[in-house]
Amino acid sequence: MTDLWLVSFPLDETSLTSVEKLKRTLAKTNLASSFKFSIPDLKVGILDSLFSVSDDLSKLDTLTESVIKKTHQCMREVMEHTADKVQENTLANGDHGMSQSAVTSPLKSYLQSLRVDLMSYMTKFQWDKAKYPTALPLSSLADIINKEVSQMETELKSRAAAYNSVKRSLEHRLDRTLQTGSLNDIVRREDLVVSEYLTTLLVLMSRGRYLQWERTYESLSEFVVPRSSRKLYEDGEGGVFSVTLFKRAVCEFKAKAEESKFTVREYSFDLEAKKQQEMKQHSVHKKEQYGIFVRWLKVNFSGVFVAWIHLKALRVFVESVLRYGIPVSYQALVLRTDKKRSKKLKEELASLFIHLDPTATTCKTHASCDIPELCQHEYFSYICYHINTNLLEIS
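Q: Where do I start with the overall build of the protein chain in this structure?
A: Scanning the protein chain from terminus to terminus reveals 8 helices and 8 strands. Buried positions account for 45% of the 395 residues belonging to the protein chain. Within the protein chain, residue pairs in contact and separated by at least 24 positions form 78% of the contacts whose partners lie at least 6 positions apart. Summed over all atoms, the accessible surface of the protein chain reaches about 21100 Å², with 51% contributed by carbon and sulfur.

Q: Honestly, unusual backbone geometry in this entry has me stumped. Any pointers?
A: Most of the time, phi is negative for any residue but glycine, and the peptide bond is trans. The peptide bond linking Ile326 to Pro327 adopts the cis configuration, its omega dihedral lying at 5 degrees. Looking at where Pro327 falls in the secondary structure, it is placed in the loop between helix 7 (269-324) and strand 7 (330-338). In the Ramachandran plot, Asn30 falls in the positive-phi region, its phi being about 60 degrees despite a non-glycine side chain. Note that Asn30 resides in the loop between helix 1 (13-29) and strand 2 (33-36). Asn30 sits in the exposed class, given a relative accessible area of 54%.

Q: Can you walk me through the nonpolar core in this structure?
A: If you look at soluble globular proteins, the nonpolar side chains tend to sit buried side by side. Membership of the largest hydrophobic core comes to 73 residues, with the highest contact counts inside it found for Phe9, Phe37, Ile39, Val78, Phe317, Leu349 and Tyr382. Looking at this core, the element that brings in the most residues is helix 7, giving 19 residues. Every residue in contact with Val78, bar those within four places of it in the chain, is listed here: Tyr163, Tyr290, Phe293, Val294 and Leu297. Counting 17 residues, the second-largest nonpolar core is a separate cluster that includes Tyr210, Tyr217, Phe241 and Ala257.

Q: Please clarify how the packing of aromatic side chains should be interpreted in this entry.
A: For any two aromatic rings, the description comes down to two numbers: the centre-to-centre distance and the angle of the planes. Throughout the structure, instances matching the rule amount to 18 aromatic pairs. With centroids separated by 5.2 Å and ring planes inclined at 80 degrees, the aromatic side chains of Trp213 and Phe262 adopt a geometry described as edge-to-face. Taken together, the positions of Trp213 in helix 5 (residues 210-216) and Phe262 in the loop between helix 6 (250-259) and strand 6 (263-266) put the pair 49 residues apart, joining distant regions of the chain. A relative accessible area of 0% places Trp213 in the buried class. Residue class for Phe262 comes out buried when judged on its relative accessible area of 0%. When the ring of Phe223 is compared with that of Phe246, the centres are 6.1 Å apart and the planes differ by 70 degrees; the resulting orientation is edge-to-face. Of this pair, Phe223 sits in the loop between helix 5 and strand 4 (230-234) while Phe246 sits in strand 5 (residues 238-246), and the two are 23 residues apart along the sequence.

Q: Just to check I follow, could you spell out the sheet that holds strand 4 for this structure?
A: Two modes of strand pairing occur in sheets, parallel and antiparallel, and in both the strands are linked by backbone hydrogen bonds. With respect to topology, 4 strands assemble into an open sheet ordered 4-5-3-6, the strand pairing being antiparallel. Looking at strand neighbours, the two that pair on one side only are strand 4 and strand 6, the edges of this open sheet. Direction aside, neighbouring strands of the sheet carry axes that sit 30 degrees apart on average. Bridge count for strand 3 (residues 198-206) against strand 5 is 9 bridges, and the pairing is antiparallel. Paired with Leu201 across the strands is Val243, a residue of strand 5.

Q: In this structure, what is going on with the pattern of salt bridges? I would like to understand it.
A: Here the idea is simple: oppositely charged side chains can pair when their charged atoms come close. Under the definition given, this model contains 14 salt bridges. For Lys312, the salt bridge goes to Asp61, with nearest N and O atoms at 2.9 Å. Of this pair, Lys312 sits in helix 7 while Asp61 sits in helix 2 (residues 49-79), placing them 251 residues apart in sequence. Judged on exposure class, the residue Lys312 and its partner Asp61 are both buried. Linking Lys69 and Glu65 is a salt bridge whose minimum nitrogen-to-oxygen distance equals 3.7 Å. With Lys69 and Glu65 both in helix 2 and 4 residues apart, this pair spans about one turn of that helix.

Q: Would you take a moment to explain helix 6 for this structure?
A: An α-helix turns once per 3.6 residues; consequently, residues spaced three or four apart project the same way. Among the residues making up helix 6, those that are buried are Val250, Phe253 and Ala257. The buried residues of helix 6 occupy one face: seen down the axis, they fall within an arc of 65 degrees. Those residues of helix 6 that are exposed and angled more than 90 degrees off the buried face are Cys251 and Glu259. Next to the buried residues of helix 6 lie strand 3, helix 5, strand 5 and strand 6. Once helix 6 finishes, Lys261 follows within two positions and takes phi at roughly 70 degrees, a positive value.

Q: Looking at this structure, how should I read the sheet that holds strand 8 (residues 383-387)?
A: Reading across the sheet, the 4 strands line up as 2-7-1-8 and stay open at both edges, with antiparallel pairing between neighbours. Strands at the two margins of the open sheet, each flanked by one partner only, are strand 2 and strand 8. Within the sheet, the average angular offset between the axes of one strand and its neighbour, ignoring direction, is 25 degrees. Alignment of strand 1 (residues 2-10) against strand 7, held across 9 bridges, turns out to be antiparallel. Each residue of the ladder has a partner; that of Thr2, found in strand 7, is Asp338. In the packing of helix 1 onto the sheet, the strands contacted are strand 1, strand 2 and strand 7, and the crossing angle to strand 7 comes to about 20 degrees.

Q: Could you clarify how one ought to interpret the packing of helix 2 against helix 7 in this entry?
A: Axis angle and axis distance: for two packed helices, these are the angle between their axes and the distance between the axes, and together they describe the pair. Packing of helix 2 against helix 7 brings their axes to within 9 Å, and their N-to-C directions diverge by 155 degrees. Taken together, the axes of helix 2 and helix 7 lie roughly antiparallel to each other. Crossing of helix 2 over helix 7 shows left-handed handedness. Its residues assigned to classes, the contact of helix 2 with helix 7 shows 24 nonpolar, 5 polar and 6 charged.

Calculation criteria
Residues numbered from 1 in each chain as written. Predicted model: local features only at pLDDT ≥ 70, side-chain atom pairs only at ≥ 80, totals over all residues. Heavy atoms only, no water. Helix = DSSP H or I, 4+ residues; strand = E, 2+ residues; numbered from the N terminus. Buried < 20%, exposed > 50% of the residue type's maximum accessible area, 1.4 Å probe, protein only. Contact = heavy atoms within 4.5 Å. Areas by Shrake-Rupley, 256 points an atom, 1.4 Å probe, with all protein chains shown as cover. Core = buried A, V, L, I, M, F, W, Y, C linked by side-chain atoms within 4.5 Å. Phe/Tyr/Trp six-rings, centres within 6.5 Å; stacked < 30°, edge-to-face > 60°. Pairing = 2+ DSSP bridges. Axes fitted to C-alpha atoms, helices over the stretch in contact; angles between N-to-C directions. Salt bridge = Lys/Arg side-chain N within 4 Å of Asp/Glu carboxyl O. Arc of directions from axis to C-beta. Parallel < 35°, antiparallel > 145°, perpendicular 65-115°, else oblique. Left-handed = near helix turned anticlockwise from the far one by under 90°. Nonpolar A, V, L, I, M, F, W, Y, C, P; charged D, E, K, R; others polar.

This is the structure we're talking about:
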């Protein structure tokens, strides 16, 4: 499993030598791949205010990651059980080398392409000056990201609720139970008597009430046609019986039947045809809403991820100033490794940059810890943030 670490080192002579040693070691041992992470010159402002900005960025980081997780989870829920293809919206840097036969589902294919694209975005990061102007104070940049992420979270809730409402409505109409589902496959035209004075009702009951029905249905109204009941269908739980009676007795019969725990369904082919047409319209509407919602999720997942990485860049800048001082002089790198090599890589970094803090030979809060997710909660002699690539778990 891939790990991405965003690290920062000062540009003093000793640290520069250590960085070069690190690059040679990585090339020789394959512990990790390193990529320059370019952060533009940002406005430092008043040094004392950086502590407050640092705290705000930390909280915003947690919020943004939470929104990314919610968006991803929503994508899974919406797309997982659908047969609709989403490959046409796969991102340009996706894994096109994967054969179609190897794709187990459209969702997994799409998420796999996102993994590749987001990894590429990290290792080739460029600051978006149009969206996040570098002339603005750090607090203003944080406000832009906060507004963007909060709006995304609010809209996600609204859109998810609207889509789920449409989905539940269609599922209710597709309900195949005898009480609410279509009976077109059960009832034939010859099963129904329809005339000026007579009508046929369908009565649903459990298997245990068959005998009671046969004994009592003629007495539920004096206007029931004798021996008119027929069993039309049964499954493991119960059956559907027809009964013919005078139209003027329908209300009385239904009331008496309900008292005896029988469920009466009025049925006509015209009514069922209307229901089928309505169901088809709802199905088309749901498909349209699915397409709109999935496109929104894809666009906004990408947008919130981009905001998140800019936020990480802000955190690296602020912490580098606080840790290494002014004038601003540091180098940021993305280290790409995996779980198996994480512990060894941390040991190598601790050894190379021990001069930054002789007491920080290991992380001070969890000396035996080898989980990069804890980077932001531990102390290192260098600056370290973990980019959680597990946001796109494909299971």
